[in-house]
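Structural overview
Here are the chains, one letter per residue:
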Amino acid sequence: MTSRSERQALAAFCAVLPRLRAMLRGPASRARRAAVEEVVLAARRGEPVGGLLAGLGMDGPVPVTAGPSRTTLPTPVEEDRPARITGVYLCPLGACPRAEERTASSELPTCGVHDRALRFVADR
């Protein structure tokens, strides 16, 4: 990684990578899917990916839409439960500044570039 903006673009790319791969499954998307995987391989090797992301039109911040929200309140829980541990999930190799929060109903966030779960860092 060379610049901060490139690292941020890589973080945004990593966050949307699972959805991007799902959208590009069909045979008509072969060339675009190959371009996406080229970015993944270059990032794994630690090579600059700014030009490749620009080729995909993802060289700036990518807006990430929020997931579905609950329509009802959860069941109340007793107040004498242990303290909740809070924190964020970060890039497993520190290759980008991606930071994700996780809710009780969401899956463990993963890094599609390095095929690893993001690492949890607790707030102090």
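Read on for a plain summary of the structure. (Residues numbered from 1 in each chain as written. Predicted model: local features only at pLDDT ≥ 70, side-chain atom pairs only at ≥ 80, totals over all residues. Heavy atoms only, no water.)

Counting residues in hydrophobic clusters, the biggest one holds 25 residues, and the most contacted among them are Leu10, Phe13, Val36, Val49, Leu53, Met58 and Val113. When residues of this core are traced back to their parent elements, those giving at least two are helix 1 (4–23) and helix 2 (30–44). If one sorts the elements of this core by residue count, helix 1 sits on top with eight residues. Other than its neighbours up to four places away in sequence, Val113 contacts Leu10, Phe13, Cys14, Leu17, Val40, Ala43 and Arg44. (Core = buried A, V, L, I, M, F, W, Y, C linked by side-chain atoms within 4.5 Å. Buried < 20%, exposed > 50% of the residue type's maximum accessible area, 1.4 Å probe, protein only. Helix = DSSP H or I, 4+ residues; strand = E, 2+ residues; numbered from the N terminus. Contact = heavy atoms within 4.5 Å.)

Where strand 1 (residues 87–90) and strand 5 (residues 119–122) come together, four bridges link them in antiparallel fashion. The residue bridging Val88 from the neighbouring strand is Val121, located in strand 5. Judged from the two bridges that link them, strand 1 and strand 2 (residues 99–100) form a sheet pairing that is antiparallel. Along strand 2, the bridge assignment pairs Tyr89 with Glu100. (Pairing = 2+ DSSP bridges.)

Although it is not a glycine, Asp115 adopts a positive phi angle of roughly 50 degrees. Structurally, Asp115 can be placed in the loop between strand 3 (110–111) and strand 4 (116–117). Since its relative accessible area comes to 56%, Asp115 is described here as exposed.

The subject of this paragraph is the sheet that holds strand 1. Read from one edge of the open sheet, three strands run 2-1-5, paired in antiparallel fashion. Two strands close off the open sheet at either side, each with one partner strand: strand 2 and strand 5.

Our next topic: the pattern of salt bridges. With the rule as written, the count across this model stands at four salt bridges. When the shortest N-O distance is used, the salt bridge between Arg21 and Glu37 registers 2.8 Å. With Arg21 in helix 1 and Glu37 in helix 2, the pair connects residues that are 16 residues apart, well separated along the chain. Overall, the relative accessible area of 27% leaves Arg21 in the partly exposed class. Residue class for Glu37 comes out partly exposed when judged on its relative accessible area of 27%. (Salt bridge = Lys/Arg side-chain N within 4 Å of Asp/Glu carboxyl O.)

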